[in-house]
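Observations on the three-dimensional arrangement
Chain by chain, the residues:
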Amino acid sequence: MTPETLFTKAFNSMPNQFTGDMFVAKLKDLGMKPKSIKYYEKRRTLFYRNNTTKVNRRTYEKRNLFNQVKPKSELEKAIELIKSHGLKVFKEI
């Protein structure tokens, strides 16, 4: 199995809030060796960034990826304002 599939399996079995130690313990339960866990540390950090938000120094919270609304940039807000006045925007950046 690839590290990403093991990360996903461990992530899906975690509660809503968890620590990095809990995540590593679950990876060990799934059969990943401690040497491999250390080797894939950068990938695990990237996985955390993509799927969680950091609550405090050691605690992570699962991010709801399905209902997540991306905040609008200033440019998008300006384009909507222009369109609401009935004007056309020819080239969106």
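Notes on the structure in this doc start here. (Residues numbered from 1 in each chain as written. Predicted model: local features only at pLDDT ≥ 70, side-chain atom pairs only at ≥ 80, totals over all residues. Heavy atoms only, no water.)

A few words now on the overall build of the chain. Along the chain, the regular secondary structure elements total five helices and three strands. Ordering the α and β elements of the chain from the N terminus gives α-β-α-α-α-β-β-α. Contacts spanning at least 24 positions in sequence make up 44% of the contacts within the chain whose residues lie at least 6 apart. By element, 55% of the accessible surface of the chain is carried by carbon and sulfur atoms, the whole surface being about 7700 Å². (Helix = DSSP H or I, 4+ residues; strand = E, 2+ residues; numbered from the N terminus. Contact = heavy atoms within 4.5 Å. Areas by Shrake-Rupley, 256 points an atom, 1.4 Å probe, with all protein chains shown as cover.)

Now for the side chain of Arg-44. Position of Arg-44 relative to the elements: it lies in helix α4 (residues 41–51). Lacking a salt bridge, the buried Arg-44 has Glu-41 as its closest oppositely charged neighbour, with an N-O distance of 4.5 Å. If near-sequence neighbours (up to four positions away) are discounted, Arg-44 is found in contact with Phe-7, Phe-23, Val-24, Leu-27 and Ile-37. (Buried < 20%, exposed > 50% of the residue type's maximum accessible area, 1.4 Å probe, protein only. Lys, Arg positive; Asp, Glu negative; His and termini not counted. Salt bridge = Lys/Arg side-chain N within 4 Å of Asp/Glu carboxyl O.)

Approximately 160 Å³ is the volume attributed to the largest pocket. Taken together, Thr-19, Gly-20, Asp-21, Val-24, Glu-41, Arg-44, Thr-45, Tyr-48, Arg-58 and Tyr-60 form the lining of the largest pocket. Partitioned by chemical class, the residues of the lining of the largest pocket number three nonpolar, three polar and four charged. (1 Å grid on protein atoms, 1.4 Å probe; cavity = no way out; pocket = protein on both sides within 12 Å on 5 of 7 lines; lining within 4 Å. Points joined across faces, edges and corners; volume = space filled by probe spheres on them. Nonpolar A, V, L, I, M, F, W, Y, C, P; charged D, E, K, R; others polar.)

Turning next to the sheet that holds strand β1 (residues 17–19). Sheet architecture is open: three strands sit in the order β1-β3-β2, paired in antiparallel fashion. With partners counted over all chains shown, the strands left at the sheet margins are β1 and β2 (52–54), one partner each. Across this sheet, the average inter-strand angle for adjacent strands is 35°, counted without regard to direction. In this sheet, strand β3 (residues 59–62) lies alongside β1 in antiparallel orientation, the contact comprising three bridges. Opposite Phe-18, over in β3, you have Tyr-60 as the bridge partner. (Pairing = 2+ DSSP bridges. Axes fitted to C-alpha atoms, helices over the stretch in contact; angles between N-to-C directions.)

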